[in-house]
Amino acid sequence: MIARVSLEIALRREFDYLIPEELVSQVEVGSRVQVPFGARKIPGCVTALAEESAHTNLKAILKVIGTQSMVTPKVLQLARWIGEYYCCAPETALKAVLPEAVRQEEAGFRERLFVRLLNVPAEPPKLSRRQQDVWNILLERRELAMTELLKLAKTTAATVRKLEDRSLVEIAPQISERDPYSREQILPSTPITLNPSQVGALAKIVAAMEARHLTGAQAPTVRVGAAGGTGGETPSKPAGGDACATLAKPTAATFLLHGVTGSGKTEIYLQAIAHALEQGRGAIVLVPEIALTPQTVERFKARFSSGKLQTLVAVLHSHLSAGERHDEWHKIRQGRARIVIGARSAIFAPVDPLGLVIVDEEHEQTYKQEEAPRYHARDVAIVRAQMENAVVVLGSATPSLESYYNCKHGKYTLLELPERVDDQKMPHVRVVDMRQAAHAEKGIPIFSPQLKEAITQRLERKEQTILFLNRRGYSTALQCPKCGYVAECPNCSVSLTYHRLEQKLCCHICAHVAPVPKVCPAEKCGNPAIRFSGTGTQKVEEAIKKLFPQARCHRMDADTMKRKDDYRRILGDFRAGKIDILVGTQMIAKGLHFPNVTLVGIIYADSALHQPDFRAGERTFQLLTQVAGRAGRGDVEGEVFVQAFTPFHPAIQYARRHDFQGFYDQELEFREQLKYPPAGRVALLTLKGRSEDKVKFSAEHVKRELDKLVAPAGETATAGFKDLIIAGPAPAPLLKAETYYRYQIMLRTRSMSKLSHALAKMVAGLTLPDEVTMAVDIDPVNLF
Ligand SMILES: [Zn+2]
Ligand SMILES: [Zn+2]
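Residues numbered from 1 in each chain as written. Chains lettered and ligands numbered in written order. Predicted model: local features only at pLDDT ≥ 70, side-chain atom pairs only at ≥ 80, totals over all residues. Heavy atoms only, no water.

Caption draft 1: Structural detail: the overall build of the protein chain. Helix and strand content of the protein chain: 22 helices and 30 strands. At a minimum sequence separation of 6, the contacts of the protein chain that also span at least 24 residues come to 75%. Of the roughly 36,600 Å² that the protein chain leaves accessible, carbon and sulfur atoms contribute 52%. (Helix = DSSP H or I, 4+ residues; strand = E, 2+ residues; numbered from the N terminus. Contact = heavy atoms within 4.5 Å. Areas by Shrake-Rupley, 256 points an atom, 1.4 Å probe, with all protein chains shown as cover.)

The structure is reproduced here in structure tokens:
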């Protein structure tokens with residue numbers, strides 16, 4: 001027997017190996033193996049089995065890693081798709097589908113000594129006092145880890161060994177699972193009664209799951225007709241019985257659940273998951289890393305993983321230790337955990353059979369991986385669900401333009417939750433024109449008089465306030481008013497941020513740290529009156545402490561949240577009412593519910609609006625809506641102050657009116673004009689290297705290669721690329737990052753699979769000078 005193996009080194013090809021007799025029973029598609037390669041031993045993944053090979057003199061597989069094939073054939077198929085669509089080497093895609101901790105043989109299971117009660121004699125055995133203590137615990141617990149037993153009995157192992165000598169107990173090593181949530185006390189929850197719009201949404205999701213369940217493995221080929229169109233292959237209605245017709249009517253496999261903040265999307269997820277379990281299938285829940293808080297995980301565990309169902313929910317995210325990640329993954333692979341909740345890469349979790357995938361906050365940028373394979377977890381979710389006949393629910397209060405567009409064009413089904421649960425009102429949003437405040441104060445103030453007044457009121461009423469600013473540090477730049485010098489990072493083309501507490505200048509791109517100069521370091525200047533400009537969260541916190549010395553204020557950003565428990569602790573304090581004002585970055589913008597927060601202040605709403613990115617308006621709209629959604633989650637109506645220098649910008653005005661549809665319509669018009677997504681598709685090629693000249697020269701060379709793809713008029717061979725728009729090469733908005741110069745070429749087309757195919761071909765034949773590399777990013781979300 002021959003195994004085709006993809007090696008974990010980027011070679012863009014697979015190799016055949018002999019399967020030695022003694023390993024035949026262990027090697028299957030998806031097995032991880034170690035093989036000889038030249039003089040080295042290299043791990044790889046078996047992608048296919050064959051009777052014979054076209055090659056002779058095959059070497060043999062050295063050993064099989066792990067006892068179970070790690071990559072299921074379904075996930076293997078998904079990895080192949082990723083390699084092709086995202087234009088990366090298949091081994092790079094394969095590597096991404098297994099967590100590092102699982103790939104690393106060493107992590108392994110942890111074995112611990114366990115003590116087990118063997119037999120209980122009819123007569124109570126005669127024991128010493130210490131032995132009796134141990135005995136009593138074992139009578140109650142039957143079995144537990146040695147360390148735990150010794151702690152409870154306050155004794156040493158020698159005592160337990162004596163019981164072992166008398167054949168009363170057994171001491172043996174056992175696999176002990178590392179459970180990252182073992183210390184949590186999670187109270188079980190029961191399904192909540194849904195309001196009518198929730199009921200309607202859930203019914204459609206469940207109907208789609210049923211349709212897919214009944215058809216078995218065969219994927220339904222029915223397409224929902226284009227908007228206003230005649231419809232695709234609509235099955236003939238059964239005579240009479242409208243209800244039956246509604247049930248039998250095929251629904252799309254992908255739903256966009258568009259619900260305002262606080263509309264109860266999670267409860268729909270929970271009940272849909274319960275349905276998947278009833279069908280004997282599992283579910284994957286993706287949440288942005290930042291939202292993967294204990295609070296979120298608890299809601300899922302409380303419904304499915306309390307009491308006897310201990311291991312039903314597995315959690316995968318970057319804050320787990322390697323061992324914890326290893327064990328959580330194997331719980332899924334062995335089928336003991338049927339529900340997986342995790343960040344981006346959890347989409348590859350080996351849940352089988354898979355019934356449902358939920359992508360919460362589907363508009364979030366963090367679903368896109370910024371290194372190869374540059375996949376978008378939301379899009380991978382949809383492809384995986386198609387392959388496995390599962391249903392996808394994308395949820396958001398501010399859907400991405402792409403997903404909403406797909407609903408409008410009949411690819412996804414739109415489900416709307418227009419109201420908050422419990423009749424909570426949407427918060428009242430006031431936009432404050434900061435140009436007036438700046439004029440009155442002869443400088444740029446942090447707080448407008450309106451916001452100051454509102455904070456004072458909240459403090460008096462003992463209600464809580466959240467202040468949001470998307471910039472950490474104290475000041476965003478250090479500038480000399482005399483000669484114009486700005487302290488910049490030597491490695492990146494950005495200014496350094498001043499961190500006052502630490503008394504240093506930091507680069508937020510490469511983490512470069514520099515001392516704060518006392519005088520202007522520019523030659524022939526030496527001005528001692530060098531100034532800080534711009535405001536970061538540190539400065540907001542300081543200003544609050546000055547203005548409201550009696551208020552208990554805390555800051556939450558990447559600088560204060562350094563340890564694993566910081567986040568949980570501060571949120572706990574905030575919930576318990578020990579904090580009056582919470583200042584923070586995006587970290588506080590997502591999915592947190594605090595019933596006593598009645599005021600949200602957005603310090604500079606337009607700070608992200610003027611970036612050279614076609615999604616700048618969309619991001620601002622999303623952020624404002626999300627942050628505003630933190631207000632008024634209890635009985636008291638919430639109020640939001642949006643401070644802006646361009647108060648009439650559409651992104652700000654539509655967010656003020658909670659008008660997603662209005663924002664979508666005007667934004668789409670602009671995207672359509674310029675063929676930007678969702679009206680077209682984008683691929684971004686970024687060339688980087690330490691010599692700017694070489695990078696620029698290489699980019700121009702790539703451009704000429706790309707030009708060949710565009711068919712000259714009359715030619716038919718490459719006719720499909722007539723719609724290809726090639727922009728650039730141009731310096732990247734962030735020209736220099738971490739000492740590398742970067743040039744970009746942006747491609748726009750309507751048919752991306754075709755383009756990525758052509759790009760893969762071009763890349764394969766491309767020779768770039770040493771020290772220059774090129775990254776291909778299909779459907780990029782970060783244009784810097
Ligand atoms: Zn100067
Ligand atoms: Zn830097």
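Caption draft 2: Fine view of the coordination of the zinc ion (ligand 2). At this site the zinc ion (ligand 2) is bound by C489 (SG), C492 (SG), C507 (SG) and C510 (SG), with donor distances of 2.2 to 2.4 Å. In this structure, the zinc ion (ligand 2) is surrounded by four donor atoms whose angles at the metal cover 105 to 112°, and the resulting shape is tetrahedral. Within one chain, the residues donating to the zinc ion (ligand 2) are spaced in sequence as C-x2-C-x14-C-x2-C. Look at C492 and you get buried, because its relative accessible area is 2%. (Donors = N, O, S within 2.8 Å, 3.2 Å for Na, K, Ca; no water. Tetrahedral: all angles 85-135°; square planar, octahedral: opposite > 155°, others 65-115°. Buried < 20%, exposed > 50% of the residue type's maximum accessible area, 1.4 Å probe, protein only.)

Caption draft 3: Representation of the packing of aromatic side chains within the structure. Applying the stated criterion to the full structure yields 17 aromatic pairs. Geometrically, the ring pair formed by W81 and Y86 is edge-to-face, given 5.7 Å between the ring centres and 90° between the ring planes. Classification of Y86 by relative accessible area gives buried; the value is 1%. Relative to F594, the ring of F574 has its centre 4.9 Å away and its plane inclined at 75°; by these criteria the two rings are edge-to-face. With F574 in helix α17 (residues 566–575) and F594 in the loop between β24 (581–584) and β25 (597–602), this pair connects stretches of sequence that are 20 residues apart. Residue F574 is classed as buried on the basis of its relative accessible area, which comes to 0%. Each residue in the set Y404, F621, Y654, F660, F663 and Y664 is aromatic and connected to the rest through ring pairs, giving one cluster. Geometry around Y740 places K688 over its ring, the cationic atom sitting 5.0 Å from the centre. Its end group placed over the ring of Y676, R748 keeps NZ or CZ at 4.8 Å from the ring centre. (Phe/Tyr/Trp six-rings, centres within 6.5 Å; stacked < 30°, edge-to-face > 60°. Lys NZ or Arg CZ within 6 Å of the ring centre and 35° of its normal.)

Caption draft 4: Representation of the coordination of the zinc ion (ligand 1) within the structure. For the zinc ion (ligand 1), the full set of protein donor atoms is C480 (SG), C483 (SG), C520 (SG) and C525 (SG), at a range of 2.3 Å. Viewed at the metal, the four donor atoms of the zinc ion (ligand 1) are separated by angles of 106 to 113°, and the geometry they form is tetrahedral. Donor residues for the zinc ion (ligand 1), ordered by position in the chain, follow C-x2-C-x36-C-x4-C. Taken together, the residues C483 in the loop between β18 (477–479) and β19 (497–499) and C520 in the loop between β21 (513–514) and β22 (531–533) connect sequence positions 37 residues apart. Judged by its relative accessible area of 40%, C483 is partly exposed.

Caption draft 5: Summary view of the environment of K265. Note on placement: K265 falls in helix α9 (residues 265–278). Separated by 130 residues in sequence, K265 and G395 place their C-alpha atoms 7.1 Å apart.

Caption draft 6: Spatial organisation of the sheet that holds strand β1 (residues 2–7). Read across the open sheet, the five strands follow the order β2-β1-β4-β3-β5; overall the sheet is antiparallel. At either margin of the open sheet sits one strand with a lone partner, and together these are β2 (14–18) and β5 (63–65). With direction set aside, neighbouring strand axes in the sheet form an average angle of 50°. Note: strand β3 (residues 32–37) against strand β4 (residues 40–50), six bridges, orientation antiparallel. Paired with R32 across the strands is C45, a residue of β4. (Pairing = 2+ DSSP bridges. Axes fitted to C-alpha atoms, helices over the stretch in contact; angles between N-to-C directions.)

Caption draft 7: Summary view of the pairing of strand β28 (residues 725–737). By the bridge criterion, seven bridges tie β28 to strand β29 (residues 740–749) in an arrangement that is antiparallel. The residue bridging P731 from the neighbouring strand is Y743, located in β29.

Caption draft 8: The sheet that holds β28, seen in detail. With respect to topology, four strands assemble into an open sheet ordered β28-β29-β27-β30, the strand pairing being antiparallel. Strands with a single pairing partner mark the edges of an open sheet, and in this sheet they are β28 and β30 (773–778). Strand-to-strand twist across the sheet, computed as the mean angle between neighbouring axes with direction ignored, equals 20°. Note: strand β27 (residues 681–689) against β30, six bridges, orientation antiparallel. Each bridged residue has a counterpart across the sheet, and for K688 the counterpart in β30 is T773.

Caption draft 9: Structural context of helix α11 (residues 322–333). Compared with the 16 Å implied by 1.5 Å per residue over 12 residues, the 16 Å span of α11 between its first and last C-alpha is a close match. Of all 12 residues making up α11, 10 are buried, and the element is well covered by its neighbours. Of all the residues in α11, the buried ones are G323, E324, H326, D327, E328, W329, H330, K331, I332 and R333. Of the surrounding elements, those touching the buried residues of α11 are α3 (100–103), β11 (313–316) and β12 (339–342). Two residues or fewer past α11, G335 is found with a positive phi of approximately 80°. (Expected span 1.5 Å × (residues − 1).)

Caption draft 10: Up close: unusual backbone geometry. A cis amide bond, omega -5°, links A372 with the succeeding residue P373. Looking at where P373 falls in the secondary structure, it is placed in the loop between β13 (354–360) and α12 (377–388). Cis geometry is adopted by the peptide bond preceding P678, which originates at P677 and carries an omega value of 5°. Along the chain, the position of P678 falls in the loop between α20 (660–674) and β27. Here the phi dihedral of E361 falls at roughly 50°; this positive angle occurs in a residue that is not glycine. Examined against the element boundaries, E361 turns out to sit in the loop between β13 and α12. A residue is classified by how much of its surface remains accessible, and E361, at 9% relative accessible area, is buried. Phi angles above zero are rare outside glycine, and K675 is one such case at about 60°. Turning to its location among the elements, K675 is positioned in the loop between α20 and β27. The exposure class assigned to K675 is partly exposed, which follows from its relative accessible area of 33%.

Caption draft 11: Broad picture of helix α18 (residues 616–628). Compared with an ideal rise of 1.5 Å per residue, which puts 13 residues at 18 Å, α18 spans 18 Å between its outermost C-alpha atoms and is within 8% of the ideal. The element α18 is largely enclosed, with a buried count of 13 among its 13 residues.

Caption draft 12: Region of interest: the nonpolar core. Counting 111 residues, the largest nonpolar core has L706, L747 and L759 as its most contacted members. Contacts of L706, omitting those with residues within four sequence positions, involve L685, I726, I745, L747, L759 and M762. A272, V287, V391 and L417 belong to the second-largest nonpolar core, a separate cluster that totals 34 residues. (Core = buried A, V, L, I, M, F, W, Y, C linked by side-chain atoms within 4.5 Å.)

Caption draft 13: Representation of a negative patch on the surface within the structure. Side chains of E419, D422, D423 and D635 sit close together on the surface and give a patch of like negative charge. Inspection of the secondary structure puts D422 in the loop between β15 (413–417) and β16 (428–433). A relative accessible area of 68% places D422 in the exposed class. (Patch = residues over 30% accessible without salt bridge, like charges linked within 9 Å, V, L, I, M, F, W, Y side chains within 5 Å. Salt bridge = Lys/Arg side-chain N within 4 Å of Asp/Glu carboxyl O. Lys, Arg positive; Asp, Glu negative; His and termini not counted. Charge placed at Lys NZ, Arg CZ, Asp CG, Glu CD.)

Caption draft 14: Examining the environment of G259 more closely. Along the chain, the position of G259 falls in strand β9 (residues 254–259). Residues G259 and A397 lie 138 residues apart in sequence; the distance between their C-alpha atoms is 4.9 Å. Beyond its immediate sequence surroundings of up to four residues, G259 is in contact with K265, S396, A397 and L417.

Caption draft 15: Representation of the packing of α9 against helix α10 (residues 294–304). As a packed pair, α9 and α10 sit with axes 11 Å apart at the nearest point and diverge in direction by 40°. Considering their axes alone, α9 and α10 lie oblique with respect to each other. Note that α9 runs across α10; the crossing there is right-handed. Two secondary-structure elements touch here, α9 through T266, E267, Y269, L270, Q271, I273, A274 and L277 and α10 through R299, F300, R303 and F304. In the contact of α9 with α10, the residues fall into seven nonpolar, two polar and three charged. (Parallel < 35°, antiparallel > 145°, perpendicular 65-115°, else oblique. Left-handed = near helix turned anticlockwise from the far one by under 90°. Nonpolar A, V, L, I, M, F, W, Y, C, P; charged D, E, K, R; others polar.)

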